[in-house]
Amino acid sequence: MVVILLRPYIIWLVIVVAVPILLAWLQVLVFGIHSASAPVSGIIASAPNGEPRGFPVWIRWSHFANLFFLFLVMRSGLSILMDHPRLYWNNDCTPGTEWVRFTPIDVPKDRLWTAKDDARYISPLIALPGYRHTPGMGRSWHFISDYGFIAVGVIYVGMLFISGQWPRLIPTSWAIVPYAWETFVHYATFHFPAEPDGYYAYNALQQLAYFGVVFVLAPLSILTGIAMSPAIDNAFPWYPRIFGGRQGARSIHFLLLCGYVAFTIVHVSLVFSTGVQRNFNHIVLGTDDTRSLGLVLGIAGLAIVVASWIVAHVVAWRYPRMIQRLHTMLILPLERVMRTSARFNPAERYTRADLSPYFWANGKMPDSDEWNRLVADDFRGYRLRVGGLVESPRDLSLAQIRELGHDEHVSLHHCIQGWSGIAQWGGISMGRLIALVKPLPSARVVAFFSTGEGTFGGVYYDTQRLEDVVKPECLLAYEMNDAPLPQVHGAPIRLRVENQLGFKMVKWIREIRFLESEKTIGEGHGGVNEDQEYFDLLPYI
Ligand SMILES: Nc1nc2c(c(=O)[nH]1)N[C@H]1C(S)=C(S)[C@@H](COP(=O)(O)O)O[C@H]1N2
Ligand SMILES: [Mo]
C-alpha cells in the first residue's frame with residue numbers, strides 16, 4: 001500500500017537520496033578518502049575559563065521534555081490528518097488533484113460522498129487518540145502538547161543564547177558546508193569517521209542536522225500550523241499565501257512531520273552505533289564516561305514516553321470532557337484577542353475568478369417529513385423562526401428574508417477535517433436580522449438549529465458569540481456561487497461565519513434563538529459537535 005501511494009514520488013525519493021550517495025562514491029573512487037576523522041566545524045563550546053563544556057542540566061531536561069511533547073504532537077497530528085486523508089497544493093481540494101492520499105478510495109461521482117464519509121480509521125498504536133473521525137480529541141491533544149513543545153523550545157533556545165552554548169548549533173562560517181559534505185562522504189561510503197566527542201562538539205553534518213531541526217523544522221511547523229487557522233487566514237490573507245495557501249501550509253506541515261521522523265530514525269541509529277553507553281551518559285547524566293547507568297535511566301525515560309501515549313489514549317476516551325476543557329482553558333487568552341480585536345475581522349480578498357470547481361459537502365442530509373414537505377413545495381412553506389431574548393420575534397418566509405437585503409462575499413472555507421474550498425456566498429448579514437429582531441441586552445449568544453441531525457443523531461445545532469455575528473462576513477446565506485443554495489450545501493438557509501471552522505456554519509437552519517448562554521441548550525457545550533465529539537467551542541484556530 002505504501003509503495004502504491006508513493007509510486008509517483010519514487011523518482012523524487014531516488015533523486016533526493018540516491019544522487020548524493022552516488023556522488024559520494026564517485027568522489028571516493030576518483031579522489032580517495034581524505035582523512036579518517038569527521039571534520040568538526042571548528043567550534044568547541046567552552047566555558048569562560050576555557051574548560052570545554054558538556055550538557056548542562058537544562059539541555060538534558062529540555063531534550064527529554066521535547067521528546068515527550070514532540071511525540072504527542074506527531075501522534076495527535078496523525079489523527080487529524082486521517083480525518084481528511086488527502087493532501088493538496090491547491091485550495092480547492094478537488095478529488096483527484098491531491099499529491100498524496102492515505103486512503104484507497106476514489107471519491108465516487110455517482111452519489112453524495114461527504115468529507116465525513118471520506119474520514120479514515122487510524123490505529124491508536126500510531127495515532128492519538130486514534131480510531132475514526134476524532135478531530136475534536138485529536139485537536140485537543142495536538143494543541144495541549146503544542147504548548148508544551150513551544151514552551152520547551154523557547155526555554156531551550158533562550159538558554160542556548162544565555163549560556164553562550166549557541167555555537168554548538170548555529171554555524172558561524174560557510175566552511176561548514178564543505179565540511180558537512182566531507183562527513184557525508186565518510187558515512188555514505190562506510191568509512192565511519194572517528195567522531196569528535198559529541199559531549200563537547202559535533203561534526204559538521206551533525207551540527208547542520210541539529211541546527212536544521214531546531215531553527216528550521218520547528219519554526220516552520222509552528223508557522224505552517226498557524227497558517228491553517230480560519231481567523232488568521234481571514235484577517236491576514238497574505239499570510240497563508242506564503243505557503244501556497246491553506247492546503248500548501250497543510251502539505252508542508254506534513255512534510256515537516258516526515259522530516260522529524262527521518263531525523264529521529266537517523267539520530268537514534270547513530271546514538272546506538274557510536275558508543276551507546278557514553279552517548280546516553282552525556283544526555284541523561286551529564287557525564288562523559290562509559291558507565292551503564294545513563295543507558296538504563298534513558299531506557300526508563302523512553303518507557304515513560306511510551307507510557308504517556310497509553311495514558312493519553314485512555315484519558316482521551318475516559319475523560320474526554322476534561323481534555324476538551326483543558327484545551328479550552330489554555331487557548332482562552334488567544335481566543336479573547338481574536339474575538340474582540342478588530343484586527344481579526346474577516347478581510348479575505350477572493351474574487352469569482354478564485355471559485356473552487358469542487359466544494360466538498362459535509363454532514364447528514366435531513367430526511368424528516370418536515371424536510372421532505374419543504375422540498376416538495378420548493379421551500380414555499382419554509383419559515384425561519386427567530387426568537388429567544390429579542391424584542392420582536394419573527395417567523396420569516398424565504399421571500400421575506402430576501403427582502404431584507406443582499407450581502408455577499410467570496411471566501412475560503414476551513415473545515416476542521418482539513419479540507420477547504422472557495423465559494424461565493426450571498427444572503428443577508430446577521431447585522432440586518434439583528435436590526436430587525438432587536439436582541440435584549442441580556443442576549444450574549446446566538447444559537448442556530450438545523451432541520452438535519454448530527455453525526456450521532458439529535459438536532460444539529462451550534463452557537464455563536466454575539467461579537468462574532470455582528471462582524472463583517474457573517475451571513476445567513478441563501479445563495480452559493482450566484483445560484484440558490486443547493487440542498488447539500490444547506491438550502492434554504494445556512495450560516496457563514498468566516499473567521500471560524502466549518503462545523504460552526506449550521507446548514508438547513510430552521511430556528512435562530514438569542515440566549516444568555518449556550519449552557520442552557522443541548523448538553524451545554526455550545527453545539528452538537530462540541531457535545532458529542534469534543535470539538536472546540538470557539539474554533540478560530
Ligand atoms: N446541519 C448541519 N450543518 C452543518 C454540518 C452538518 O453536518 N449538519 N456540517 C458542518 C461542517 S463540518 C462543515 S465543514 C460545513 C460544510 O458545508 P458544506 O457541506 O456546504 O461544504 O457545514 C457545517 N454545517
Ligand atoms: Mo467540517
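Once a new chain begins, its residue numbering starts again from 1 and follows that chain's sequence as written. Chains carry letters from A onward and ligands carry numbers from 1 onward, assigned in written order. Only residues with pLDDT of at least 70 are given local features in this predicted model, and only at 80 or more are side-chain atom pairs given and counted; all residues enter the totals for whole chains, interfaces and linings. Remark: hydrogens and water are excluded; side-chain values derive from all non-hydrogen atoms of the structure.

**Student:** Tell me about the sheet that holds strand β4 (residues 394–396), and please be specific about residues and values.
**Tutor:** Here five strands make up an open sheet; going across it, the order is β4-β3-β12-β7-β8 and the pairing mixed. Bordering the open sheet on either side are β4 and β8 (459–465), each of which pairs with just one other strand. In this sheet, adjacent strand axes meet at a mean angle of 20° when their direction is disregarded. Strand pairing is defined by DSSP finding a minimum of two bridges between the two strands. Secondary structure elements follow DSSP: runs of H or I no shorter than four residues count as helices, runs of E no shorter than two count as strands, and numbering proceeds from the N terminus. Sheet topology note: the strand β7 (residues 445–453)/strand β12 (residues 509–515) ladder contains six bridges and is antiparallel. In this analysis an axis means a line fitted to C-alpha atoms, helices contributing only their contacting stretch, and an angle means the value between N-to-C directions, from 0 to 180 degrees.

**Student:** Break down the pairing of strand β11 (residues 494–497) for me, with residues and values.
**Tutor:** Relative accessibility decides the category of a residue: with a 1.4 Å probe and only protein chains considered, values under 20% of the type maximum give buried, values over 50% give exposed, and everything between is partly exposed. Going residue by residue along β11, you find Arg-494 and Arg-496 tucked away on one face and Leu-495 and Val-497 tucked away on the opposite face as well. Bridging between strand β9 (residues 474–480) and β11 involves four bridges; their strand directions are antiparallel. Note that in β11 the partner of Leu-475 across the bridge is Arg-496.

**Student:** Could you give an account of the site of ligand 1, with specific residues and numbers?
**Tutor:** Any residue with a heavy atom lying within 4 Å of a molecule or strand is counted as near it. Near ligand 1 you find 20 residues, and of these Trp-360, His-489, Arg-494, Met-505 and Lys-507 are the closest. At 2.6 Å, a backbone N or O of Trp-360 approaches an oxygen atom of ligand 1. Residue Ser-450 places a side-chain N or O atom 3.0 Å away from a nitrogen atom belonging to ligand 1. All accessible areas in this document rest on Shrake-Rupley with a 1.4 Å probe, and a residue is counted as covered only by the protein chains that are shown. The protein chains hide 99% of the 530 Å² of surface that ligand 1 would expose on its own. Classes in brief: Ala, Val, Leu, Ile, Met, Phe, Trp, Tyr, Cys and Pro nonpolar; Asp, Glu, Lys and Arg charged; the others, Gly included, polar. When the residues that make up the shell around ligand 1 are grouped by side-chain class, the tally is 11 nonpolar, six polar and three charged. In protein, a polar contact requires one atom able to donate a hydrogen and another able to accept it; more generally it is a pair of N or O atoms within 3.5 Å, and residues adjacent in sequence count only if both atoms are side-chain atoms.

**Student:** Break down the domain arrangement of the protein for me, with residues and values.
**Tutor:** One can read the domain layout of the protein as domain 1 (5–37 + 59–337) and domain 2 (348–532). Any two residues whose heavy atoms approach within 4.5 Å at even a single point are treated as in contact. Facing 35 residues of domain 1, the contacting portion of domain 2 comprises 33 residues. Overall, the association of domain 1 and domain 2 removes approximately 2700 Å² of surface from exposure, summing both partners, and the carbon and sulfur fraction of that is 54%. Looking at the side of domain 1 facing domain 2, the largest losses of area belong to Lys-116, Asn-234 and Arg-246, adding up to 21% of the total buried there. Throughout this description, the term salt bridge denotes a Lys or Arg side-chain nitrogen within 4 Å of a carboxyl oxygen of Asp or Glu. Across the domain 1-domain 2 interface, the total number found is one salt bridge. In this structure, Glu-523 and Arg-321 form a salt bridge, with 3.5 Å as the shortest nitrogen-oxygen distance. Summed over the shared surface of domain 1 and domain 2, the result is 23 residue pairs in polar contact (both at pLDDT 80 or more). Going through the elements one at a time, α3 (115–118), α4 (135–162), α7 (230–235), α9 (245–273) and α12 (320–340) are the ones with two or more residues in the side of domain 1 that touches domain 2. Where a domain begins and ends is set by an automatic assignment or by a domain database. Summed over both partners, the accessible surface that disappears when two parts come together, traced with a 1.4 Å probe, is what is meant by buried area.

**Student:** Lay out the packing of helix α11 (residues 293–318) against α12 in plain terms, naming residues and giving numbers.
**Tutor:** For the pair α11 and α12, interaxial distance at closest approach is 5 Å and the crossing angle is 100°. As the angle between them shows, α11 and α12 are arranged roughly perpendicular. Taken together, the residues of α12 that come into contact with α11 (itself represented by Val-315, Ala-316, Trp-317 and Arg-318) are Pro-320, Met-322 and Ile-323. Its residues assigned to classes, the contact of α11 with α12 comprises six nonpolar, no polar and one charged. Roughly parallel refers to an angle under 35 degrees, roughly antiparallel to one over 145, roughly perpendicular to one between 65 and 115, and oblique to any angle outside these ranges.

**Student:** Describe the pattern of salt bridges, naming the residues involved and giving the relevant values.
**Tutor:** Counted under the stated rule, the structure contains 21 salt bridges. Across the pair Glu-98 and Arg-86 runs a salt bridge whose closest N-O atoms are separated by 2.7 Å. Note that Glu-98 is positioned in the loop between β1 (86–87) and β2 (100–101) and Arg-86 in strand β1, a separation of 12 residues in sequence. Like Arg-86, Glu-98 is buried. Put simply, Arg-352 and Glu-408 hold a salt bridge, and the shortest N to O gap is 3.1 Å. A residue pair is termed long-range when its members are at least 10 positions apart, and Arg-352 in the loop between α12 and α13 (369–376) and Glu-408 in strand β5 (residues 407–414) qualify at 56 residues. The class for Arg-352 is partly exposed, based on a relative accessible area of 39%. Judged by its relative accessible area of 38%, Glu-408 is partly exposed. Overlapping salt bridges, with partners in common, bring together Arg-86, Glu-98 and Asp-118 in one network.

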